[in-house]
Amino acid sequence: MTTRILPAVGDPDAARSVTTLLSQLPDAEPATPVGDSTQLIDTLARLAGEALDELPEVVLVHERIGPVPALELIREVSLRFPSVGVVMITMDASPNLFADAMDSGARGLVSLPLSYEELANRVQAAAQWSAGVRRHLTSGRQEFTGPGGTVVTVTGAKGGVGATVAAIQLALAAQASGNTVALVDMDLQTGDIASFLDVQFRRSLVDLALITDISPRVLADAVFSHMTGLALLLAPGEGERGEEVSDRSARQIVSALRTRYEIVVIDCGSQMNGANAAAIEMADVALLVTTPDVVAVRGAKRIVRMWERLQIRKAEETVTLVNRHTRNTEIQPPLIQKITGTRVASAAVPANFKELQASIDSGRLHELDAKSTVKQALWSLAGELGIVKESAAAKKSGTALVKRNSGGFTNDRGSIGRPRRRRDGSGRGLGDSEGTR
């Protein structure tokens, strides 16, 4: 049996050394080494998207891989790709590191400098374990279908630009099309998703922060099942407790969510911290919400530049949503795209806060009228981001299906159609009021 091995080694010299030694192993098929954590996850996700059998049996992770630390990377690989055996390459094969690596999901350690016999034994053990897991997954008809769910983060250029409303409507659009959806409030100090959806809750993100192994049961206990079908994981009621959610715990939480839900939408607010920075780095889609005014656009540019300096996200990998858009404003989407260096979504949200005010004040944003131009624009954005499912008929006609209150599906102009515009361009957009984010 051929063992496929994918090395993740950042240093070119070390990568050549590892590849040379792997090529000498019997029945080994080493792949071209990947140079960083992002490339490793992307490669595994692409292979898993093709078929479970396309994944390598063994992944070797060098201790100096980056930008994500090796132990956190091992944990993410183990959670997202449970049939892959991970072996860590390290200079320090101490009992403490061995215990930490096992807790993160590794199947073994190989000490540096590499020896043929030790490497062969660890690779063989990990490959046998991987083969057993895959037989179990195949025979048991488990729900694992590959790389896991799609993670979408929504960040505001500043407070009050409408990031929370956008996150809620994106989650509702994804859920209405048949996806299983988790909506996460990672605006840890001032999160308002519970207020927008009129939710009273006991559990929050903080309850998962100190748990090293988030099992499906633990995760189910922490989420709130909303009447719409959304699974809500909310910010703590006491804002100061948000400091308990570290970047490491945020990675664990996001990884656990994406293995259980097809779509994970995360409201990151407008203040950056370690937790939401980790979520943005892990996201498949990073959405930045701004309004067409000087202060907000400057804020958007500042956030994009900060993400680049901290190596969280490249500008070209970010999608900007223009909210409160009117034709007669001086700052138009093409200018915002030029200033920020990001890709601006084609589905701009029109300025019409009056459509939202009653739903927001009553905490029933999920009951927003399907004829609302704001809702139409945001559901159109969900289609543009690729987080909604379309039936065969919908694909032919170019429309999407929306679940109405009756529980059935029907063609609806409030789903993925282009937003209608008012002729006079008047009105206000979502987030105009001080209390709306």
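None of the values given here were measured: they were computed from a predicted structure. (Residues numbered from 1 in each chain as written. Predicted model: local features only at pLDDT ≥ 70, side-chain atom pairs only at ≥ 80, totals over all residues. Heavy atoms only, no water.)

On to a negative patch on the surface. Side chains of Asp 42, Glu 308, Glu 316 and Glu 317 sit close together on the surface and give a patch of like negative charge. By relative accessible area, which is 57% here, Glu 316 ends up exposed. (Patch = residues over 30% accessible without salt bridge, like charges linked within 9 Å, V, L, I, M, F, W, Y side chains within 5 Å. Areas by Shrake-Rupley, 256 points an atom, 1.4 Å probe, with all protein chains shown as cover. Salt bridge = Lys/Arg side-chain N within 4 Å of Asp/Glu carboxyl O. Lys, Arg positive; Asp, Glu negative; His and termini not counted. Charge placed at Lys NZ, Arg CZ, Asp CG, Glu CD. Buried < 20%, exposed > 50% of the residue type's maximum accessible area, 1.4 Å probe, protein only.)

This part takes up the packing of helix 12 (residues 294-309) against helix 13 (residues 333-340). Relative to each other, helix 12 and helix 13 sit at 35°, their axes nearing to 9 Å. The chirality of how helix 12 crosses helix 13 is right-handed. Facing Val 297, Ala 300, Lys 301, Val 304 and Arg 305 of helix 12, the residues of helix 13 in contact are Ile 336, Ile 339 and Thr 340. When the residues that make up the contact of helix 12 with helix 13 are grouped by side-chain class, the tally is 5 nonpolar, 1 polar and 2 charged. (Axes fitted to C-alpha atoms, helices over the stretch in contact; angles between N-to-C directions. Helix = DSSP H or I, 4+ residues; strand = E, 2+ residues; numbered from the N terminus. Left-handed = near helix turned anticlockwise from the far one by under 90°. Contact = heavy atoms within 4.5 Å. Nonpolar A, V, L, I, M, F, W, Y, C, P; charged D, E, K, R; others polar.)

Our focus in this paragraph is the packing of helix 2 (residues 37-50) against helix 3 (residues 70-80). Contact geometry for helix 2 and helix 3: axes closest at 11 Å, N-to-C directions at 10°. In terms of orientation, helix 2 lies roughly parallel with respect to helix 3. Along its contact with helix 2, which presents Ser 37, Leu 40, Ile 41, Leu 44 and Ala 45, the element helix 3 presents Leu 73, Glu 76, Val 77 and Arg 80. Partitioned by chemical class, the residues of the contact of helix 2 with helix 3 number 6 nonpolar, 1 polar and 2 charged. (Parallel < 35°, antiparallel > 145°, perpendicular 65-115°, else oblique.)

The next subject is unusual backbone geometry. A cis geometry characterises the amide bond from Gly 66 onward to Pro 67, with omega recorded as 0°. Along the polypeptide, Pro 67 turns up in the loop between strand 3 (58-62) and helix 3. Residue Pro 113 is reached from Leu 112 by a cis peptide bond, and omega for that bond is -5°. By the secondary structure assignment, Pro 113 is in the loop between strand 5 (108-111) and helix 5 (116-140). Backbone geometry places Asp 27, a non-glycine residue, at a positive phi of 60°. Considering the arrangement of structural elements, one finds Asp 27 in the loop between helix 1 (12-22) and strand 2 (28-30). Here Gln 311, not a glycine, exhibits a phi torsion of approximately 60°, which is positive. For Gln 311, the location among the structural elements is in the loop between helix 12 and strand 12 (318-322).

Here helix 14 (residues 354-361) has its buried residues at Leu 356, Ser 359 and Ile 360. All buried residues of helix 14 project into a common sector of 100° when viewed along the axis, lining one side. Of the exposed residues in helix 14, the ones pointing more than 90 degrees away from its buried face are Lys 354, Ala 358 and Asp 361. Immediately downstream of helix 14, the backbone of Gly 363 shows phi near 70°, a positive value. (Arc of directions from axis to C-beta.)

Without other data, these values stay purely geometric and don't point to any function.
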